[in-house]
Structure formats: structure tokens, C-alpha cells
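Read off the chains here:
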Amino acid sequence: KKSLVMIDLLTGSSKTLKDINIENADVFSVNPDGTKAVFASYGEINANGTPVQSVTYCTVDGSAEPVTFTEPMIFSESAGFVWLDSSNVMSVRAITADGAKSGSVVYTF
């Protein structure tokens, strides 16, 4: 799927995201003012047994091209994403190669 209609359940207004690859998204989060979104995929397990995940950041109005990052253990599947404000989103990720230690990371866009 390359598009998504998002509906604000409080106001009934809708916005359509177009030309973004969200077909494998497992996690979705939108910022408080509804202008930016994060899609994340749990990914596939590589030869070392480590999940290679992807995270896509985009603007809802399409004013900027979506940006996708793919790497092992880029976010915690159990923690998801928390918006600190309309431009900063925080997630938990592994900070050691074996995943034994984790820490918070803030993405700004």
C-alpha cells in the first residue's frame, strides 16, 4: 500500500498520505498536531539472528520527502514512540550490539 487516509476521531477531519511505502509497517505514531508521522517495521532476522528494522518519518501534508532508516535494533518493539512535541519523537533502542542494554533516542524532523 502506498497511501493511507488518517482520520482525527475527535474532529472527523481526514488527511491522506501518498507515495509512502507503508506496506510492512507494524507500528504507527502521529505527532500531537497531526503534521508528522512515524511508521516502523519489525523487519527480518539477519544471518546473525538480529532483527533489521526500519523507521520512516514523514510529513502528513507531503511537504517533505519521507526519510527511512534501516538498521539492526533501531527501536524497541515493546516501547514504541513517544512525541515530546510536534517535531521531536523519542524511542528506546539497543545501545549494545547484543541488545543487553538500551537507551532513549530522540529524533528531530
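Please read these numbers as outputs of a predicted model, since none were measured by experiment.

Criteria and thresholds
Residues numbered from 1 in each chain as written. Predicted model: local features only at pLDDT ≥ 70, side-chain atom pairs only at ≥ 80, totals over all residues. Heavy atoms only, no water. Buried < 20%, exposed > 50% of the residue type's maximum accessible area, 1.4 Å probe, protein only. Helix = DSSP H or I, 4+ residues; strand = E, 2+ residues; numbered from the N terminus. Pairing = 2+ DSSP bridges. Core = buried A, V, L, I, M, F, W, Y, C linked by side-chain atoms within 4.5 Å. pLDDT = per-residue confidence, 0-100. Axes fitted to C-alpha atoms, helices over the stretch in contact; angles between N-to-C directions. Phe/Tyr/Trp six-rings, centres within 6.5 Å; stacked < 30°, edge-to-face > 60°. Lys NZ or Arg CZ within 6 Å of the ring centre and 35° of its normal.

1. A closer look at the pairing of strand 3 (residues 27–30)
So, point 1. Burial along strand 3 is one-sided: the residues Val27 and Ser29 are buried and none of Phe28 and Val30 is.
So, point 2. Note that strand 3 and strand 4 (residues 36–45) share 4 bridges and pair antiparallel. Of the residues in strand 4, the one forming a bridge with Val30 is Ala37.
So, point 3. Where strand 3 folds back on strand 4, the antiparallel hairpin that results is connected by 5 residues, among which Gly34 adopts a positive phi of roughly 75 degrees.

2. Brief notes about the nonpolar core
So, point 1. One finds Val27, Val38, Ala40, Val55, Tyr57, Ile74, Phe75, Phe81, Trp83, Val89 and Tyr107 forming the largest nonpolar core, which totals 11 residues.
So, point 2. Elements supplying a minimum of two residues to this core: strand 4, strand 5 (51–59) and strand 7 (81–83).
So, point 3. Leu17, Ile20, Ala37 and Cys58 belong to the second largest nonpolar core, which has 8 residues in total.

3. Looking at the confidence of the model for the protein
So, point 1. With 98% of its residues at a pLDDT of at least 70, the protein reaches an overall mean of 85.
So, point 2. Across the protein, element-level confidence peaks in strand 7 with a mean pLDDT of 93 and bottoms out in strand 1 (residues 3–7) with 79.

4. So, the sheet that holds strand 3
So, point 1. Taken in spatial order, the 4 strands of this open sheet run 3-4-5-6, and their pairing is antiparallel. The open sheet has two edge strands with one neighbour each: strand 3 and strand 6 (67–72). Strand-to-strand twist of the sheet, defined as the mean angle between neighbouring strand axes without regard to direction, takes the value 15 degrees.

5. Structural notes on the pairing of strand 1
So, point 1. Sheet topology places strand 1 next to strand 2 (residues 14–18); 5 bridges connect them, and they run antiparallel. Across the sheet, residue Ser3 finds its bridge partner in strand 2, namely Lys18.
So, point 2. The turn linking strand 1 back onto strand 2 is made up of 6 residues, and Gly12 within it adopts a positive phi angle of 85 degrees.

6. What to know about the packing of aromatic side chains
So, point 1. One pass over the structure, following the stated rule, counts 7 aromatic pairs.
So, point 2. Seen from their ring centres, Tyr57 and Phe109 are 5.1 Å apart, and the 55 degrees between their planes marks the pair as tilted. Within this pair, whereas Tyr57 is found in strand 5, its partner Phe109 is found in the segment after strand 9 (102–108), the two being separated by 52 residues in sequence.
So, point 3. Judged by its relative accessible area of 4%, Tyr57 is buried.
So, point 4. A relative accessible area of 28% means that Phe109 is categorised as partly exposed.
So, point 5. Centroid distance Phe75 to Phe81: 5.5 Å. Interplanar angle 35 degrees. Geometry classified as tilted. Summarising the burial analysis for this pair, Phe75 and Phe81 share the class buried.
So, point 6. The cationic tip of Lys36 hangs over the ring face of Phe109; the distance from NZ or CZ to the ring centre is 5.3 Å.

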